[in-house]
Amino acid sequence: MTQRRPILSMPVGLLFLLPAMVFVAVFLVFPSLWVLWISLTNQTLTGEAALRPRFVGLANFRALFDFENWMVRGYFGNALRNSVLFVIGSALIGQAGLGLAIAWAFYRRRGIWRELIYTLAILAWIIPDVVVAFMWVAYLDRDQGTLNAILSALGMGRVDWLIEQPLLSIIIFNTWRGAAFSMLLFSSALATLPPSYLEAAAVAGARPWQAFRDIILPSIRSHIITDLVLITLWTFNTFTPYLITAGGPTFRSEVVSIYTFRIAFQHFEFGRGAAVAVVMMLINLALALVYLSTLRREARAR
Amino acid sequence: MARIRLEGVTKVFGAVVAVDDLTLTIEDGEFFALLGPSGCGKTTTLRMVAGLERPTRGRIFIGERDVTDLPPQARDIAMVFQDYALYPHMTIMENIGYPLKVRRYARSEIHRRVREVAEVLQIADLLDRRPGQLSGGQQQRAAVARALVYPPQAFLFDEPLSNLDAKLRLEARSFLKHLQKSLGITTIYVTHDQAEAMALADRIGVMDRGRLLQVGSPIEIYRRPRNTFVATFIGSPPMNLLRCRFQQAEAVLVLGDGQALALGERAEALRRAFRDGEPLWLGIRPEHLALAEGPGPTHLAARVYAVEPLGVETLVTVQVDAERIALRLSVDEPPVLREQVWVRVPMERALFFREGGELAL
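Worth saying up front: this structure is predicted, and the values here are computed from it rather than measured.

Reading the values: the criteria
- Position numbers for residues start from 1 in each chain and track the written sequence from start to end.
- Working convention: letters from A go to chains and numbers from 1 go to ligands, in the order in which they are written.
- In keeping with the model being predicted, local features are shown solely for residues with a pLDDT of at least 70 and side-chain atom pairs are shown and tallied solely at 80 or more, while totals for entire chains, interfaces and linings include all residues.
- The term nonpolar core refers to a group of buried residues, namely Ala, Val, Leu, Ile, Met, Phe, Trp, Tyr and Cys, whose C-beta atoms join them within 7 Å.
- Our exposure labels follow a C-beta count within 10 Å of each residue's own C-beta, placed from the backbone: buried means 20 or more other C-beta atoms, exposed means 12 or fewer, and partly exposed covers the counts in between.
- Numbering of helices and strands runs from the N terminus; a helix is a DSSP stretch of H or I covering at least four residues, while a strand is a stretch of E covering at least two.
- Each domain's extent is set by a domain assignment, obtained either automatically or from a database.
- Any two residues are considered in contact once their C-beta atoms, placed from the backbone, lie within 7 Å.
- Polar here means any residue outside two lists: the nonpolar Ala, Val, Leu, Ile, Met, Phe, Trp, Tyr, Cys and Pro, and the charged Asp, Glu, Lys and Arg; Gly therefore counts as polar.
- Fitting a line to C-alpha atoms yields each axis, with helices limited to the stretch in contact; the angle taken between N-to-C directions then spans 0 to 180 degrees.
- Convention used here: angles under 35 degrees read as roughly parallel, angles over 145 as roughly antiparallel, angles from 65 to 115 as roughly perpendicular, and any remaining angle as oblique.
- Handedness of each helix crossing follows the sense of rotation of the near helix against the far helix: counterclockwise by less than a right angle gives left-handed, clockwise gives right-handed.
- UniProt positions are given in the numbering used here, feature names are shortened, and annotations may be inferred rather than shown by experiment.
- Strands are labelled as partners when DSSP assigns at least two bridges between them.
- Any helix carries an expected span of 1.5 Å times its number of residues minus one.
- To obtain the arc, one takes the directions from the helix axis to the C-beta atoms.

1. With respect to the nonpolar core
For step 1, the next point in the chain: Residues B:Ala33, B:Met79, B:Ala145, B:Ala154, B:Leu156, B:Ile188 and B:Tyr189 are the most contacted members of the largest nonpolar core, which totals 150 residues.
For step 2, the next point in the chain: With 10 residues, the top contributor of residues to this core is helix 4 (residues 76-105) of chain A.
For step 3, the next point in the chain: The two domains that each donate at least three residues to this core are domain 1 (4-224) and domain 2 (240-354) of chain B.
For step 4, the next point in the chain: With sequence-adjacent residues up to four places away left out, B:Ala145 is seen in contact with B:Ile96, B:Val117, B:Ala118, B:Leu121 and B:Ile123.

Now the structure itself:
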């Protein structure tokens, strides 16, 4: 690397950075620290603790990780378990798997089917949350829902999806909702591969699935890692399932983001809510660090 | 090892006929070069043999087997691509061993065979590296090694030397020829470089605009090109073509500027082939032309346009009327620029093409 002369002197450079730094400080760093502080108090919306919140140390965190009723519905362990299932089911398997499958199915192909599938997937991705939630409630409703109308027309029984399979419902919903991102990322990654890669594999005698496993997957590895981490973070933090099941019935589809919302803004226990938020931040941070270190290792291996 | 036969093979892309009714047999063990300018359909032909493109019409046979409807995996061929298509995430060992890996060979057997091929290709010390750490010439050898590791019925090469610099290319060329001769595997080699085709092939097929114009040994094609396209595509510099008119009574050819060349002993043959006054192309290779001291019945007055000393010989371009003619001379004192010279045209060496381009004599 050659040493390049900086375009601006240090003080002028800092001056240009200042507005952005102020914004980051006011709207990101400060609220985070504020949340961290609240999580160490017993602040609530009403009552005595609202006026004079007391410092309670790690009591809020201890309550979260109270293993006596940890996995009981409505408690943090249950929400964490739901979140893990939700992330694995809808992000890792659902979105990434479906996205890769679609991108691979239409690799180096054109035509009406590709346009149709891509358009539908992208539509599902860009429609506003509220509209999408309403569509899915209407689709899955027991008595008036489209899905049950189809099933009963086929002679199968009606299922009350949102009551009987709430977690599965939001997993399928979120898969449908987000597959487009992975699909677009993977199909642009595939487009960068020289056509001769697959052709050489075919001539070498590799069956399509062997070529996919040995050539395609390793070639787009860094894209896959990027995709997995991004959608894991997004799915872990998404709040849209609340609009469909509201976390219910009886907390069966309550993921961590909904749990936080319930504790902080329905029970108005700001201290405990903030503690959950801090735990969420730490989980996100851990995921992001794994992501960054993996990408750095990838970059070094090349 | 096998003979490859193409029968009436046609490939149409939309409105473009890339390969037009091509029939060709490549003998067992033969080194066959498909030669032509870019877009002539030679690569498409190769890709159809490989199974990467499906012919619109026609059949392809490898050995006695009709492979037209078989996928590349089932054709038992090996191909070296122009960009080598080595996988950056695999070591050279893994790259070369890939054809064995997909056939589920044992690890130890793969290592043994890869090492063996790598010895032959002199890249045994590079097996732990990745393609990105190899030079162009080494990558090319690794790609050849991958093609060799599982002995195929036929080798297909798609311009494998075009990404190498001039010096490496010569080296790789003799290496490939030696290798092919010692293995005796039927080989189709696609190139746009006539020198490469001449140097490597037992036979050459010259293609243009989807059609196979001529098939023959390098010498045949060099000595008797079937038409003016082949004549001007082969040779460096290519064959000189002079537009002239046959005058039967005087037994001469008259050039555009009125100069006449006596036909001598060939007059009789031309009289049978051409009408009086018919326009034609006189074709003559640069190495057959010589400078003369003064005027003569087969001498042309010309002016020197450029002189390029090449060491062994000197390339002299002269201008006759509006046309330029190349001469390869091995003289110690070449003419100088703009000098008036006489060029002797040895009629016994000349070829005569019809106005439309096909060879008549």
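Picking up where we left off.
2. Considering the interface of chain A and chain B
For step 1, the next point in the chain: The interface of chain A with chain B comprises 15 residues on the first partner and 18 residues on the second.
For step 2, the next point in the chain: With seven residues, helix 10 (residues 195-204) of chain A is the single largest residue contributor to the side of chain A that touches chain B.
For step 3, the next point in the chain: Within the side of chain A that touches chain B, the residues separate by chemical class into nine nonpolar, four polar and two charged.

3. Quick look at the packing of helix 10 of chain A against helix 11 (residues 208-219) of chain A
All names here are of chain A.
For step 1, the next point in the chain: Orientation of helix 10 relative to helix 11, taken along the N-to-C sense of each, is 160°, at an axis distance of 10 Å. By the criterion of interaxial angle, the relationship of helix 10 to helix 11 is roughly antiparallel. Seen along the crossing, helix 10 lies across helix 11 with a hand that is right-handed. Counted together, Tyr197, Leu198, Ala201 and Ala202 of helix 10 and Ala211, Ile215 and Ser219 of helix 11 form the full contact between these two elements.

4. Here's the deal with the UniProt feature "transmembrane region" (unreviewed entry) in chain A
Residue and element names in this part refer to chain A.
For step 1, the next point in the chain: Residues given the UniProt feature "transmembrane region" (unreviewed entry) here are residues 12-37, 84-107, 116-139, 175-193 and 274-292.
For step 2, the next point in the chain: Secondary structure within residues 84-107 divides into 92% helix and 0% strand; the distance between the first and last C-alpha atoms comes to 31 Å.
For step 3, the next point in the chain: Along residues 274-292 the backbone is 100% helical and 0% strand, and the end-to-end C-alpha distance reaches 26 Å.

5. Considering the environment of A:Ile38
For step 1, the next point in the chain: Counting through the fold element by element, A:Ile38 comes out in helix 1 (residues 10-38).
For step 2, the next point in the chain: Along the chain, A:Ile38 and A:Pro11 lie 27 residues apart, while their C-alpha atoms are 36 Å from each other.

6. Points about the sheet that holds strand 16 (residues 299-309) of chain B
Pairing between the strands of a sheet comes from backbone hydrogen bonds, and it takes one of two forms, parallel or antiparallel.
Residue and element names in this part refer to chain B.
For step 1, the next point in the chain: In space, the five strands of this open sheet follow the order 15-19-16-17-18, with antiparallel pairing throughout. Looking at strand neighbours, the two that pair on one side only are strand 15 (290-292) and strand 18 (323-329), the edges of this open sheet. Neighbour-to-neighbour, the strand axes of the sheet open up by a mean angle of 50°, direction not taken into account.
For step 2, the next point in the chain: As paired strands, strand 17 (residues 314-320) and strand 18 are joined by seven bridges and run antiparallel to one another. By the bridge assignment, Val318 is partnered in strand 18 with Ile325.

7. What to know about the pairing of strand 2 (residues 16-26) of chain B
Residue and element names in this part refer to chain B.
For step 1, the next point in the chain: With seven bridges connecting them, strand 1 (residues 4-13) and strand 2 associate as antiparallel partners. Residue pairing for strand 2: Ile4 is matched across the bridge by Ile26.
For step 2, the next point in the chain: Turn length for the strand 1-strand 2 hairpin, with the two strands adjacent in sequence and antiparallel, is two residues, and the turn residue Gly14 shows positive phi of about 60°.

8. Brief notes about helix 12 (residues 221-237) of chain A
Residue and element names in this part refer to chain A.
For step 1, the next point in the chain: With 17 residues, helix 12 should cover 24 Å at 1.5 Å per step; its first-to-last C-alpha distance of 24 Å lies within 8% of that length.
For step 2, the next point in the chain: When helix 12 is considered as a whole, its buried residues turn out to be Asp227, Ile231, Thr232 and Thr235. The buried side chains of helix 12 occupy one side of the element, clustering within an arc of 125° when seen end-on.

9. Focus on unusual backbone geometry
Excluding glycine, residues mostly carry a negative phi; peptide bonds, for their part, are mostly trans.
All names here are of chain B.
For step 1, the next point in the chain: Residue Pro237 is reached from Ser236 by a cis peptide bond, and omega for that bond is -5°.
For step 2, the next point in the chain: Within the secondary structure, Pro237 sits in the loop between helix 8 (228-233) and strand 11 (240-247).
For step 3, the next point in the chain: One non-glycine residue with positive phi stands out, namely Tyr84, at about 70°.
For step 4, the next point in the chain: Looking at the element boundaries, Tyr84 is found in the loop between strand 6 (77-80) and helix 2 (92-101).
For step 5, the next point in the chain: When the 23 C-beta atoms within 10 Å are taken as the criterion, Tyr84 is described as buried.

10. Looking at the environment of B:Gly296
Residues and elements named next belong to chain B.
For step 1, the next point in the chain: Looking at the element boundaries, Gly296 is found in the loop between strand 15 and strand 16.
For step 2, the next point in the chain: A tally of 13 C-beta atoms within 10 Å means that Gly296 is categorised as partly exposed.
For step 3, the next point in the chain: Separated by 75 residues in sequence, Gly296 and Ile221 place their C-alpha atoms 31 Å apart.

11. Let's talk about the sheet that holds strand 3 (residues 31-35) of chain B
Residue and element names in this part refer to chain B.
For step 1, the next point in the chain: Strand order in the open sheet made by the six strands is 6-7-8-3-9-10, with mixed pairing throughout. With partners counted over all chains shown, the strands left at the sheet margins are strand 6 and strand 10 (211-216), one partner each. With direction set aside, neighbouring strand axes in the sheet form an average angle of 20°.
For step 2, the next point in the chain: Contacting strand 6 and strand 7 (154-158), helix 4 (residues 136-148) runs over the sheet at an angle of about 175° to strand 6.

12. Observations concerning the UniProt feature "domain: ABC transporter" (unreviewed entry) in chain B
For step 1, the next point in the chain: Following the UniProt record, the feature "domain: ABC transporter" (unreviewed entry) maps to residues 4-234 of chain B here.
For step 2, the next point in the chain: Annotation note: span residues 4-234 of chain B, helix share 36%, strand share 26%, distance between end C-alpha atoms 25 Å.

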